[in-house]
Amino acid sequence: MANQSTVSPEAARNQLESRIDPTTPRFEKNMRAMAALVARVRNEEETIRAGGGQKAIESQHNKGRLTARERIALLLDPGTVLFETGIYAAHEMYEEWGGAPAAGVVTGLGRVQGRLFMLIVNDATVKAGAFFPMTAKKVIRAQNIAIENRIPTIYLVDSAGVFLPLQEDVFPDQDDFGRVFRNNAVMSAMGIPQITAIMGMCVAGGAYLPVMCDSILMTDGSGLFLAGPALVQAAIGQKVSAEELGGATMHAQIAGTIDYREPDDQACIARIRSLAEKMGHRPTAPFDRKKAQPPLYAAEELYGIFEADAAKPYDMREIMARIVDGSRFDEYKAEYGKTLLCGYARIGGYAVGIVANQKQHQQQMDQEGRKRMEFGGVVYTESAEKAARFIMDCNQNLVPLVFFHDVNGFMVGRDAEWSGIIRAGAKMVNAVSNSVVPKITVIVGGSFGAGHYAMCGKAYDPRLVFAWPSARYSVMGGDSAAGTLVEIKIKQLERGGKKLSDDEKKKLYDETKSTYDQQMDPRYGAARLWIDKIIDPIETRDAITAALDAASLNPVVPEFKVGVLQT
């Protein structure tokens, strides 16, 4: 329902007008489909938040320690919550080891004494906080977000170290365990404050993490050592207790490793909050922000607007009208390259440039005056060229970019090739690659093939990647992929002298499509950290604003250069 506030004549010229009828059967069908997807995600996330389960939680409490999420709740400012990233990390992975909910570590953005921090908190209820391969990658992703946006970081350490059965996948590579400590050093050199608190075990290589941070706290009863008592005895025959070897008292009084020794979790967190309160303020980014205004239309209507049937079109402007401030959008080259929407708006008060796939089919006129129909969600030569120019304009004007994906890919065929689709696509990819303003990606529907790259996929360094539960993520759609893979498999079998019946071909197709569909699910991508957060469509505006809040902490915007463009 439209907001009845008065709109100035200037604003009216860029105001998006909604033509949605929420009483239609199609709208209601879409509503039910999206609500079911959102409910599934919420229920799974609730299970993930339980960590290692009730017994493991009780074990943590019996040691006089809080759980990871209890510590976070105590650390954050009253009335605020963690903007959690990576909750689906390791989802349905490591099942042979009992699973690793959230990869055994909680990460996200939160306010402490009014300041935005990245929090990285080991969950000791999951395999004693041990590092699985995805644990290391999740911590590194959180650190990379902190590095890109200059976010002060707090680590609450309670970890048994590397999960030894999988050490070959945790230990050696550049995106494995050792990268965590390298990032500690780089962040410190960049002037990004890091506070760490040892609130349990911190052993072996993991002992370097806290000691490479700026401020180190430790609670009584915790342990910090390169090798625990059992390993020390096995290696050099020395018998020593954990407390004598690496307890808080020893590190405070003898080794001098820690800065603050605290009696328990509550006192430790109170000290962190006290230290955070006294940190200085650095310059912020030069991006423009004004007081935020709500959209004119209800966010709940997004459920009914987004088309549950991927083959059916919908108007992406209706999505924009429920996300941008005041439902105002200055559309760039509105009558050219119409399968991509480009334009300026505000979200949460921040000025942004938006690049969004238009899912309605569009009539376009070519240079010889002939009309043709262009498919919604497909990137054509004109739309790629338009987007490339718009992205360059945003960099010139210091305007962050937000990409909304529902893309089938680039147009193919003789006409597309003759029009220079590869050259135009390369131009758009170049502009995205070299963009220096913050980029935020929201995958609302399909994100396929080279279209995923051009729309700032994960490989193109978006500051954060969000996905609706309706997102689909792969090289090509499930039907096309399954048909291609099955055809290849049938030819391989036929070369070996085996001819499949129609029933066998159907069974092979169904099995292949099922596997492919599972891999297109956003939860599959989120489990592997291709997606930072699966969001309820209603939360899209808040998620983008949170990302822009983070990006605004980094005052450095390098000089924009695109190199050679294929003109």
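Thresholds applied
- Residues numbered from 1 in each chain as written.
- Predicted model: local features only at pLDDT ≥ 70, side-chain atom pairs only at ≥ 80, totals over all residues.
- Heavy atoms only, no water.
- Helix = DSSP H or I, 4+ residues; strand = E, 2+ residues; numbered from the N terminus.
- Rg over C-alpha atoms; globule rule 2.2 N^0.38 Å.
- Buried < 20%, exposed > 50% of the residue type's maximum accessible area, 1.4 Å probe, protein only.
- Contact = heavy atoms within 4.5 Å.
- Areas by Shrake-Rupley, 256 points an atom, 1.4 Å probe, with all protein chains shown as cover.
- Phe/Tyr/Trp six-rings, centres within 6.5 Å; stacked < 30°, edge-to-face > 60°.
- Core = buried A, V, L, I, M, F, W, Y, C linked by side-chain atoms within 4.5 Å.
- Expected span 1.5 Å × (residues − 1).
- Arc of directions from axis to C-beta.
- Salt bridge = Lys/Arg side-chain N within 4 Å of Asp/Glu carboxyl O.
- Axes fitted to C-alpha atoms, helices over the stretch in contact; angles between N-to-C directions.
- Parallel < 35°, antiparallel > 145°, perpendicular 65-115°, else oblique.
- Left-handed = near helix turned anticlockwise from the far one by under 90°.
- Nonpolar A, V, L, I, M, F, W, Y, C, P; charged D, E, K, R; others polar.

Participant: Quick question: what am I supposed to make of the overall build of the protein chain here?
Facilitator: Assigned secondary structure in the protein chain consists of 21 helices and 20 strands. Taken over C-alpha atoms, the radius of gyration comes to 26 Å for the protein chain, in line with the 24 Å a tight globule of 567 residues would show. In terms of overall dimensions, the protein chain has a C-alpha envelope of 85 × 75 × 50 Å along the principal axes. Across the 567 residues of the protein chain, 53% fall into the buried class. Nonlocal contacts in the protein chain, meaning residues at least 24 apart in sequence, comprise 75% of its contacts between residues at least 6 apart. Per element, the accessible surface of the protein chain, about 25500 Å² overall, is 53% carbon and sulfur.

Participant: I tried to follow the packing of aromatic side chains on my own but got confused; where do I start?
Facilitator: Describing an aromatic ring pair means giving the distance of the ring centres and the angle of the ring planes. If you walk through the whole model with that rule in mind, you get twelve aromatic pairs. Each ring, one from Phe-181 and one from Tyr-208, has its centre 6.2 Å from the other, and the planes form 55°; the classification is tilted. Here Phe-181, found in helix H6 (residues 177-189), pairs with Tyr-208, found in helix H7 (residues 208-211); they are 27 residues apart in sequence, far enough to count as distant. Taking the relative accessible area as the measure of exposure, Phe-181 reaches 12% and is therefore buried. The class for Tyr-208 is partly exposed, based on a relative accessible area of 44%. Centre to centre, the rings of Phe-306 and Trp-468 are 5.8 Å apart; their planes meet at 75°, and the pair counts as edge-to-face. In this pair, Phe-306 is assigned in the loop between helix H12 (302-305) and helix H13 (316-321) and Trp-468 in the loop between strand S18 (464-467) and strand S19 (472-474), connecting sequence segments 162 residues apart.

Participant: Would you take a moment to explain the nonpolar core for this structure?
Facilitator: One recurring pattern in soluble globular proteins: nonpolar side chains tend to sit buried together. Of all hydrophobic cores here, the largest spans 73 residues; its most connected members are Met-316, Ile-319, Ile-354, Phe-404, Phe-466, Trp-468 and Ile-544. The leading source of residues in this core is helix H5 (residues 133-149), at seven residues. Leave out the neighbours within four places in its chain, and Ile-544 touches Ile-323, Ile-347, Val-402, Phe-404, Ile-440, Val-442 and Phe-466. Listed in part, the 31 residues of the second largest apolar core include Tyr-332, Cys-342, Ala-424 and Met-428.

Participant: Any chance you could explain helix H19 (residues 502-520) here in plain terms?
Facilitator: Along an α-helix, residues three or four apart share an orientation, since each turn contains 3.6 residues. With 19 residues, H19 extends 27 Å between its outermost C-alpha atoms, agreeing within 8% with the 27 Å of an ideal straight helix rising 1.5 Å per residue. Along H19, the positions that sit buried rather than exposed are Leu-508, Thr-512, Tyr-516 and Met-520. End-on view of H19: buried residues confined to an arc of 110°, all on one side of the axis. Facing away from the buried side of H19 by more than 90 degrees, the exposed set consists of Asp-503, Lys-506 and Lys-507.

Participant: Just checking my understanding: could you explain the pattern of salt bridges for this structure?
Facilitator: Any two side chains of opposite charge can pair, given that their charged atoms come close. Inspection of every chain in the model, using the stated rule, returns 31 salt bridges. Across the pair Glu-44 and Arg-523 runs a salt bridge whose closest N-O atoms are separated by 2.6 Å. Of this pair, Glu-44 sits in helix H2 (residues 25-49) while Arg-523 sits in helix H20 (residues 522-527), placing them 479 residues apart in sequence. Residues joined in a network through salt bridges with shared partners are Glu-45, Glu-46, Arg-49, Arg-69 and Glu-84.

Participant: Looking at this model, I keep getting lost on the packing of H5 against H6. Mind explaining?
Facilitator: The angle between the axes and the distance between the axes are what describe a pair of packed helices. Viewed as axis vectors pointing N to C, H5 and H6 meet at an angle of 20°, and their least axial separation amounts to 9 Å. By the angle class used here, H5 and H6 are roughly parallel. Viewed along their axes, H5 and H6 form a crossing whose handedness is left-handed. Together, Ala-136, Val-139, Ile-140, Gln-143, Asn-144, Ala-146 and Ile-147 of H5 and Phe-177, Arg-179, Val-180, Asn-183, Asn-184 and Met-187 of H6 make up the contact between the two elements.

Participant: Honestly, the environment of Arg-423 in this entry has me stumped. Any pointers?
Facilitator: Its location among the elements puts Arg-423 in helix H16 (residues 421-434). A residue is classified by how much of its surface remains accessible, and Arg-423, at 35% relative accessible area, is partly exposed. Placed 144 residues apart in sequence, Arg-423 and Thr-567 show a C-alpha to C-alpha distance of 7.3 Å. Not counting residues up to four positions away in its chain, the partners in contact with Arg-423 are Glu-385, Gln-566 and Thr-567.

Participant: What should I look at first to understand the packing of helix H4 (residues 68-75) against helix H11 (residues 265-277) in this one?
Facilitator: Between H4 and H11, the least distance of the axes is 9 Å, while the angle of their chain directions is 40°. Taken as axis vectors, H4 and H11 run oblique relative to one another. H4 and H11 meet at a crossing whose hand is right-handed. Along the contact surface, H4 presents Arg-71, Leu-74 and Leu-75, while H11 presents Asp-265, Gln-266, Ile-269, Ile-272 and Arg-273. The residue makeup of the contact of H4 with H11, split by class, is four nonpolar, one polar and three charged.

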